[in-house]
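What follows is each chain in one-letter form.
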Amino acid sequence: MPVPEGYDSAVVEAKWQDRWRSRGTNATDIGAGADKFYALMMFPYPSAEGLHVGNLFAFTGNDIYGRYHRMRGRTVFEPLGYDAFGIHSENYALKVGVHPSVLIPRNIANFRRQLEQAGLMVDWRYAVETTDPEYYRWTQWVFLQLYDRGLAYRKQAAVNWCPFDKTVLANEQVINGECERCGSKVEQRFLEQWFFAISRFAPRLLANLEGLDWSDTTKTAQRNWIGKSEGAEIRFPTEGGDAVATGDLAVRVFTTRPDTVFGATYLVLAPEHPLVATLTTADQRAAVDSYRQLTADQDLVSRRIGTREKTGVFTGSFATNPATGGRIPVWVADYVLMDYGTGAIMAVPGHDERDFAFATVFGLPIVQVVAPEGVAVSAGAPLVAAYTDGGRLVQSERFDGLTVDEGKRRITAWLADRGAASPVENYRLHDWCISRQRYWGPPIPIIYCDTCGPVPVPADQLPVVLPFIADFKPDDSGVSPLARHEEWYRVPCPRCGGAGRRETDVSDTFLDSAWYFLRYPSATRTDVAFDPAMTRRWLPVDSYIGGNEHAVLHLLYARFVTMVLHDAGLLDFEEPFTRFRAHGHIVRDGAKMSKSRGNIVNPDRYMTEWGADAFRTYLMFLGPYEQGGDFHDGGIAGPRRFLDRLWSATIASTTTGTADARVMSELHRTIRKVTEDIPRLSYNTAIAALMAYMNVIRSGERTPHRAEVAPVVQLVAPFAPHIAEELWERLGHTTSVFDDGWPSFDPALAAEHTVTVAVQVNGKLRGTVIVAPDAAQDDVYAAALAEPGVAKHATATTRKVVYVPGRLINIVVGG
RNA sequence: GCCGGGGUGGCGAAACUGGUAGACGCGAGGGACUUAAAAUCCCUUGGGGGAAACCCCGUGCGGGUUCGAAACCCGCCCCUGGCACCA
């Protein structure tokens, strides 16, 4: 075999990246091409550290999928952009003392360089940057679409407040109840903030999941997050406090266990519950007020994750249990949350762990009303713990003996007849707070006017440009950074022309990413957010790939925004992502690769040393794409050697004579394997099959025939696009390998002529026989017994024979 | 605590729908080529026993179902990601 010219990845990759640019190979004709395929990848946050191996792993997997579909004849659109607003950029900018408007373009340029070096098939003409006013103008427009439909509203909500820095903190900036920057104790403050009414869409968001081709883990995560629970709302009339009562003084509680109402021995209201003030008696007022003050002062993080020790106070008033008619006390405790259900519960300490703990601390009565099947309960027997399992009702008067499920139905119906209850479905999903008291985000397009109230900025006045503020650090003034920019802050009211003030909050980054996939095909349009025709053509997204850390928030918000725009008549579909697959994560030293863990690896070095193609192939070979893999420097030599072999085999291949029939049969099996593995994202096994085939065509240092290697160049192309282009050209083609189709396999050629059948005796492997794939059981049985190793063990009478054609024969002998 | 994902050679992993466990790669050992080295190529490589033929053991642990289990069922242990008083 002649010594072939070596494979110089640097030269090949530079050459083809140039060619792709000059020939527009990666540009999609989004207005024309047939059989569209929108291959979307979650866009990255362009960090200052640059692209890391984890990003590249994710992008490469999407790129392979996109390139594969292109080779199969579809018009593939693979756009990419940058999610560059948000607290990460802002905090980093503060840390290094460079303004984010300077930092971000620099980071984006670096990302772009790295992404191009990696050989992604991205059509950069449609790149989007969320920080570009031409983009966030439409983010603001999306806000107004929600506002116009009554889906954006303001309400008081708690934020973490640092009294020293005089600023709002995100939950992750609160460490052990203290400000991460100055260490002072963080408090709760109530601010008017903007919310999107996503909870109204909870039933639809849940129901639509059914029809989506998404990773099961992601769907499960969304279902849990939406958190539907069925139960009843039950009214407990109260006697009121001392004050002369007006209005309805009944406490409405939500419960999933109406069957246990006979065991409800007290009520608990959340500290923020509106009835607390009315129900509190003069005797208890001081205690209740100070308890409410205490919970109000606590920061959100401690309130949420804080100790599970139960605290609370008695209001002094009583309610009537509508089932027993008994008089039960009404308490206030922070273990009841105002923003779930009705903000009040009926406490059943016998059958709820939290209520049990509370009742134990405060000496409240505990009554057992459910007992395990067949267990008798005497009224006085104390429970040592809450009994939360199923069983039959006891001490529940006429309902005794019913199962828990029957009890739920019958008791709810019984109470409903008397106007004391109604069946209710409750959702855990909360409305989406989009206000951020920050600088680095798109301003919320609202102007406050003393006479007109909040007025939306008219669409033709968008964007509300984020003003340049050199010093955007929070200061002692206690106002949002944007409020300090006087010329920007003071504007005339769009409605009456009077004095107005701009909203100084910016919106959540999740809003930027909740619609970016709609923007890509229309990224070049300055007159609309998304062009109707282009949107009909390209959406919904055919394949969306991203990290499962966005399984709930981002994916849910994107679905919500799409649903709203659909209802507004702006989109003709209501689910944006037909198919979604979560990729795994690259692990290093036993932990997910992430900035916070400080174990990130910059891919530049590897791409320079081994080539982008080898590095891409290596990353995909590490492990199953949907599970991720373990990054270790050593392994990359294997994929690189594979490409070296592919190179030399292709260069040296001959056109004289004919291809070896057995090699060709193996080739067709390999084509089949790779063709089946790529759509399943089983990239590691596809690569393994290609490597195994290379071992076959080169075994015994034979010179392969061109027909044996040419299809391999095509099969490798999605993984290692540069070398594939180069070899394809050297094979005499003038068009891109990505426009020359995908090899098809011939099932007849791929079929095996003989198969090795495992022979077991009593389940233990005792030999193998080589037979035709469709050999009859009797023939295989005879052949098996002719094997000495088998005959030796199969001496007793054969009782049974199990034959799996092409696989195995198991001879069961003896008695 | 709850909900996912996982546990297979020295290492990363493979195994279709229950059918020869360890494909493919890394590393390691041996050999060829070379003055030598690198590169490349070939062979070996789960553990134990045996001169060999061959035998036994082996997919986190303990049971079970089955002709047959890495895969299914029951009960545990460990690692990992997310959620977190959701009534």
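This report concerns the structure included in the present document. Predicted, not measured: the structure shown is a model, and the values here were computed from it. Residue positions within a chain follow its written sequence, with the count starting from 1. Labels follow written order: the first chain is A, the first ligand is 1, and so on. Two thresholds apply to this predicted model, a pLDDT of at least 70 for residue-level local features and 80 or more for giving and counting side-chain atom pairs, whereas whole-chain, interface and lining totals are computed over all residues. As a rule here, side-chain values cover all heavy atoms of the structure and leave hydrogens and water aside.

**Focus on the packing of aromatic side chains**
A ring pair, where both rings are aromatic, is described by two values, the distance of the centres and the angle of the planes. Which entries qualify depends on this criterion: Any two of the Phe, Tyr and Trp rings considered here, Trp counted by its six-membered ring, make a pair once their centres fall within 6.5 Å; the pair's planes then place it as stacked at under 30 degrees, edge-to-face at over 60, or tilted in between. Strands are runs of DSSP state E lasting at least 2 residues, helices are runs of H or I lasting at least 4, and numbering of each runs from the N terminus. A 1.4 Å probe rolled over the protein chains alone gives each residue an accessible area, and that area as a share of the maximum for its type sets the label: buried under 20%, exposed over 50%, partly exposed in between.
Per the stated rule, a full pass over the model turns up 50 aromatic pairs. For the pair Phe85 and Tyr136, a centre-to-centre distance of 5.6 Å together with 50° between the ring planes defines the contact as tilted. One end of the pair, Phe85, is in the loop between strand S3 (81–82) and helix H3 (87–96); the other, Tyr136, is in helix H5 (residues 133–148), and 51 residues separate them in sequence. Neither Phe85 nor Tyr136 differs from the other in exposure class; each is buried. Ring geometry for Tyr335 and Phe358: centres 5.3 Å apart, planes at 45°, overall tilted.

**Describing the packing of helix H6 (residues 202–209) against helix H17 (residues 553–567)**
Inclusion rule: In this description, a line fitted to the C-alpha atoms serves as the axis of each element, helices being fitted only across the stretch in contact, and the angle between N-to-C directions of two axes falls anywhere from 0 to 180 degrees. Every angle not falling under 35 degrees, over 145, or within 65 to 115 is termed oblique; those three ranges are roughly parallel, roughly antiparallel and roughly perpendicular. Contacts are assigned to residue pairs with any non-hydrogen atoms lying within 4.5 Å of each other. The residue classification treats Ala, Val, Leu, Ile, Met, Phe, Trp, Tyr, Cys and Pro as nonpolar and Asp, Glu, Lys and Arg as charged. All others, Gly included, are polar.
For the pair H6 and H17, the least separation of the axes is 11 Å and the interaxial angle reads 105°. In terms of axis orientation, H6 runs roughly perpendicular to H17. Judged by residue contacts, Arg204, Leu205, Asn208 and Leu209 of H6 engage Leu556, Arg559, Phe560, Met563, His566 and Asp567 from H17. Of the residues belonging to the contact of H6 with H17, the class tally is 5 nonpolar, 2 polar and 3 charged.

**Notes on the pairing of strand S9 (residues 187–196)**
Short version of the rule: Here, any two strands with at least 2 DSSP bridges between them count as paired.
Across 10 bridges, the pairing between strand S5 (residues 152–162) and S9 is antiparallel. Each bridged residue has a counterpart across the sheet, and for Ala158 the counterpart in S9 is Phe190. Sheet topology places S9 next to strand S20 (residues 432–433); 2 bridges connect them, and they run antiparallel. Across the sheet, the residue bridging to Phe196 is Trp432, located in S20.

**Comments concerning the protein's contact with RNA strand B**
Basically, it comes down to this: Residue proximity to a molecule or strand is established when one non-hydrogen atom of the residue lies within 4 Å of it. A 3.5 Å cut-off defines polar contacts: any pair of N or O atoms within that distance qualifies, except that in protein one atom must be a possible hydrogen donor and the other a possible acceptor, and neighbouring residues in sequence count only when both atoms are side-chain atoms.
Surrounding RNA strand B, one finds 55 residues, the nearest of these being Thr256, Tyr340, Arg354, Arg807 and Asn810. A distance of 2.9 Å is found between a sugar or linking oxygen of RNA strand B and a side-chain nitrogen or oxygen belonging to Asn224. One of the side-chain N or O atoms of Lys764 is found 3.0 Å from a phosphate oxygen in RNA strand B.

**What about the side chain of Asn810?**
In this structure, Asn810 sits in strand S35 (residues 808–813). Using a relative accessible area of 15% as the deciding quantity, one classes Asn810 as buried. Within the structure, Asn810 has its side chain in polar contact with the backbone nitrogen of Gly763 (distance 3.0 Å). Ignoring any residue separated from it by four or fewer positions in sequence, one finds Asn810 in contact with Gln760, Val761, Asn762, Gly763, Lys800, Val801 and Val802.

**Some words on the sheet that holds strand S14 (residues 313–320)**
Consider a sheet: its strands pair through backbone hydrogen bonds, and that pairing is either parallel or antiparallel. Taken together, 4 strands build an open sheet; the order of strands is S14-S15-S13-S16 and the sheet is mixed. With one partner strand each, in any of the chains shown, S14 and strand S16 (344–347) form the two edges of the open sheet. Adjacent strand axes in the sheet meet at a mean angle of 25° when their direction is disregarded. Two strands pair when backbone bridges link them, and strand S13 (residues 266–269) and S16 are joined in this way by 4 bridges, in the antiparallel orientation. Of the residues in S16, the one forming a bridge with Val268 is Ile345.

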